[in-house]
2 protein chains.
Amino acid sequence: MQPVYQANAQLDLTFTRLVDVPRALIWRAWTEPALLMPWFCPLPWKTIDCEIDLRPGGLFRTTMQSPEGAEFPNVGCYLDIVPQEKLVWTNALLPGFRPSQPAATSGSDEVNFLFTAMVELADAEQGTRYTATVIHADEAGCKQHAAMGFEAGWGAALDQLVAMVQRGF
Amino acid sequence: MQPVYQANAQLDLTFTRLVDVPRALIWRAWTEPALLMPWFCPLPWKTIDCEIDLRPGGLFRTTMQSPEGAEFPNVGCYLDIVPQEKLVWTNALLPGFRPSQPAATSGSDEVNFLFTAMVELADAEQGTRYTATVIHADEAGCKQHAAMGFEAGWGAALDQLVAMVQRGF
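Everything numeric here is computed off the predicted structure, so don't read it as measured data.

Rules used throughout
Counting starts from 1 at the beginning of each chain's written sequence and moves along it residue by residue. Here the convention is simple: chains get letters from A, ligands get numbers from 1, in the order in which they are written. Totals for whole chains, interfaces and linings use every residue, but because this is a predicted model, local features are given only for residues with pLDDT of at least 70 and side-chain atom pairs only at 80 or more, for both listing and counting. In computing side-chain properties, one takes all heavy atoms of the structure into account and sets aside hydrogens as well as water. To superpose the copies, least squares is applied to the C-alpha atoms of every residue with a pLDDT of at least 70 in both. The contact definition used throughout considers only heavy atoms, calling two residues in contact when any of these lie within 4.5 Å. For helices, the axis comes from a line fit to the C-alpha atoms of the stretch in contact; other axes are also lines fit to C-alpha atoms, and the angle between any two N-to-C directions lies between 0 and 180 degrees. Counting from the N terminus, the helices are the DSSP runs of H or I reaching at least four residues and the strands are the DSSP runs of E reaching at least two. Put simply, a crossing is left-handed when the front helix is turned counterclockwise from the back one by less than a right angle, and right-handed when it is turned clockwise. Here a salt bridge means any side-chain nitrogen of Lys or Arg lying within 4 Å of a carboxyl oxygen belonging to Asp or Glu. Residue exposure (1.4 Å probe, protein chains only): buried if accessible area is under 20% of the type maximum, exposed if over 50%, otherwise partly exposed. The criterion for strand pairing is that DSSP finds at least two bridges linking the strands in question. Here a polar contact is taken to be a pair of N or O atoms separated by no more than 3.5 Å, where protein atoms must pair a possible hydrogen donor with a possible acceptor and residues adjacent in sequence count only if both atoms sit in side chains. Side-chain classes follow a simple rule in which Ala, Val, Leu, Ile, Met, Phe, Trp, Tyr, Cys and Pro form the nonpolar group, Asp, Glu, Lys and Arg form the charged group, and the remainder, Gly included, forms the polar group. Only a pair of cysteine sulfur atoms within 2.5 Å counts as a disulfide in this structure description. As used here, the arc is the angular range of directions from the helix axis to the C-beta atoms.

## Let's talk about the relation of the copies chain A and chain B
What relates the pair of chain copies is a rotation about an axis plus a shift along that axis.
And step 1. When chain A is brought onto chain B, the operation consists of a screw motion whose angular component is 180° and whose axial shift is 0.0 Å, with 0.0 Å RMSD remaining. Put plainly, the chains are arranged around a two-fold axis.
And step 2. Residue by residue, 100% of the interface of chain A is reproduced at the interface of chain B, so both copies engage with the same surface.

## Notes on the packing of helix H1 (residues 23-31) of chain A against helix H4 (residues 150-167) of chain A
All names here are of chain A.
And step 1. Interaxial distance between H1 and H4 falls to 10 Å at its minimum, and their mutual angle equals 115°. Viewed along their axes, H1 and H4 form a crossing whose handedness is right-handed. Mapping the contact onto sequence places Leu25, Ile26, Ala29 and Trp30 in H1 and Trp154, Leu161, Met164 and Val165 in H4.

## Observations regarding the pattern of salt bridges
And step 1. Throughout the structure, instances matching the rule amount to 18 salt bridges over all chains.
And step 2. The closest approach of N and O atoms between lysine 86 of chain A and aspartate 80 of chain A, which form a salt bridge, is 3.5 Å.
And step 3. A salt bridge links glutamate 51 of chain B to arginine 61 of chain B; the nearest nitrogen and oxygen atoms lie 3.0 Å apart. Here glutamate 51 of chain B is found in strand E2 (residues 46-52), whereas its partner arginine 61 of chain B is found in strand E3 (residues 59-65), with 10 residues between them in sequence.
And step 4. For glutamate 51 of chain B, a relative accessible area of 37% translates into the label partly exposed.
And step 5. The structure contains a network of salt bridges with shared partners spanning Asp49, Glu51 and Arg61 of chain A.

## So, the sheet that holds strand E1 (residues 12-19) of chain B
Residues and elements named next belong to chain B.
And step 1. Spatially, the 7 strands line up as an open sheet ordered E1-E9-E8-E5-E4-E3-E2, and their pairing is antiparallel. Two strands close off the open sheet at either side, each with one partner strand: E1 and E2. Geometrically, the sheet is characterised by an average inter-axis angle of 20° between neighbouring strands, direction not taken into account.
And step 2. Bridge analysis of strand E8 (residues 115-123) against strand E9 (residues 128-136) gives 9 bridges, and the strand direction is antiparallel. Residue methionine 118 lies in a different strand from E9, and its bridge partner there is threonine 133.

## Overview of the interface of chain A and chain B
And step 1. On the side of chain B, 34 residues touch chain A, which itself brings 34 residues to the contact.
And step 2. The interface formed by chain A and chain B contains 2 salt bridges.
And step 3. Here arginine 98 of chain B and aspartate 12 of chain A are joined by a salt bridge, their closest N and O atoms 2.7 Å apart.
And step 4. Linking chain A to chain B there are 10 residue pairs in polar contact (both at pLDDT 80 or more).
And step 5. Elements represented by at least two residues in the side of chain A that touches chain B include exactly strand E4 (71-82), strand E5 (86-90), strand E7 (98-99), strand E8 (115-123) and strand E9 (128-136) of chain A.
And step 6. When its residues are assigned to classes, the side of chain A that touches chain B shows 18 nonpolar, 11 polar and 5 charged.

## Quick word on the state of the cysteines
And step 1. For the coordinates displayed, the defined rule picks out 0 disulfides over all chains.
And step 2. In this model cysteine 77 of chain A remains outside any disulfide bridge; the closest cysteine sulfur is found in cysteine 77 of chain B, 11 Å from its own.
And step 3. Owing to a relative accessible area of 0%, cysteine 77 of chain A belongs among the buried residues under this scheme.
And step 4. Looking at the unpaired cysteine 142 of chain B, the closest cysteine sulfur is the one in cysteine 77 of chain A, lying at 19 Å.

## Let's talk about helix H3 (residues 139-147) of chain B
All names here are of chain B.
And step 1. Inspection of H3 places Gly141, Cys142 and His145 among the buried residues, and these make up the whole buried set. Seen along its axis, H3 keeps its buried residues to an arc of 100°; they face one direction. Of the residues in H3, the exposed ones pointing more than 90 degrees away from the buried face are Ala140, Lys143 and Ala147.
And step 2. Each element contacted by the buried residues of H3 is listed here: E1, E9 and helix H4 (150-167).
And step 3. Following H3 by one or two positions, glycine 149 has its phi on the positive side, about 90°.

## Quick look at the sheet that holds E5 of chain A
Strands in a sheet are paired, the pairing made by backbone hydrogen bonds, and the direction either parallel or antiparallel.
Residues and elements named next belong to chain A.
And step 1. Taken together, the 7 strands give an open sheet; going across it, the order is E1-E9-E8-E5-E4-E3-E2, and neighbouring strands pair in antiparallel fashion. Two strands in the sheet have a free side with no partner beyond their single neighbour: strand E1 (12-19) and strand E2 (46-52). Sheet twist, expressed as the average angle between the axes of neighbouring strands with direction ignored, equals 20°.
And step 2. Both E5 and E8 contribute to a ladder of 5 bridges, which runs antiparallel. Opposite valine 88, over in E8, you have methionine 118 as the bridge partner.
And step 3. Running at roughly 30° to E1, H4 makes contact with E1, E5, E8 and E9 of the sheet.

Given below as structure tokens:
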């Protein structure tokens with residue numbers, strides 16, 4: 001059976017990296033609030049709050065803080081969870097699968113597009129093959145996200161994740 | 001563990017009916033295109049096409065036809081599937097969990113709100129306890145749906161479903 005995800009180069013942003021940490025620990029860093037907050041925002045931004053209800057329809061909530069101290073809450077809903085393999089969530093739905101309004105999902109003027117995000121983990125020769133994909137509703141949202149520096153931002157966050165795992169926690 | 005659905009009387013429409021048909025057959029009537037099309041639209045509207053990919057992230061597509069012959073396509077995405085118990089889908093996402101735009105989900109001017117729908121089936125003393133719930137993003141969408149005759153419409157469709165099952169198929 002084909003995966004449900006249908007790639008679309010005009011609407012999606014994706015990157016793959018090989019990282020030298022086991023996928024079990026990457027999974028924990030994505031799914032335990034205390035292990036997510038230290039790396040989730042590229043510094044000097046911080047993630048100062050996080051709530052995770054790890055099941056389809058469950059809440060994924062973070063609060064980001066700018067260097068100036070402004071707070072930006074984000075609320076999403078998990079869609080698909082395959083432990084240590086695949087994590088899918090969206091800001092198009094609130095917890096309990098309730099449709100969201102774009103303006104309701106973030107306090108930031110910069111993030112007003114809807115997206116579904118997918119993190120996929122696979123064993124690699126050394127460590128883990130890490131693929132992050134963000135699926136947008138339309139080209140405008142995709143371009144806005146690319147212009148915000150999707151790959152640099154998610155890449156910098158991943159560097160922070162890897163450094164945290166390699167330090168030990 | 002609590003269900004993920006969080007009821008909200010201002011945002012949701014729901015009704016429960018006891019129907020004298022087994023839930024296994026109601027389930028088939030909701031999940032097999034050939035068995036869905038005969039009852040899904042209250043006559044004189046018709047459902048003239050249907051495609052079902054019954055898995056989370058899978059396509060749920062119908063085309064309704066007005067008595068005047070105008071066609072109204074609807075595309076949604078399944079979210080949660082518990083065979084013979086619970087079926088959840090939304091028009092806030094397209095297949096593969098891609099966020100949709102309200103205008104893209106229907107050709108009808110009348111249906112431009114986002115919703116998640118949930119059909120729940122439980123054994124009753126005689127037949128099945130049937131609960132339909134529609135979860136909206138905001139009060140405007142909920143009121144619009146109520147004004148369109150949600151309960152009468154879904155109730156009439158259910159009557160057609162029950163009649164079809166009782167006739168045998």
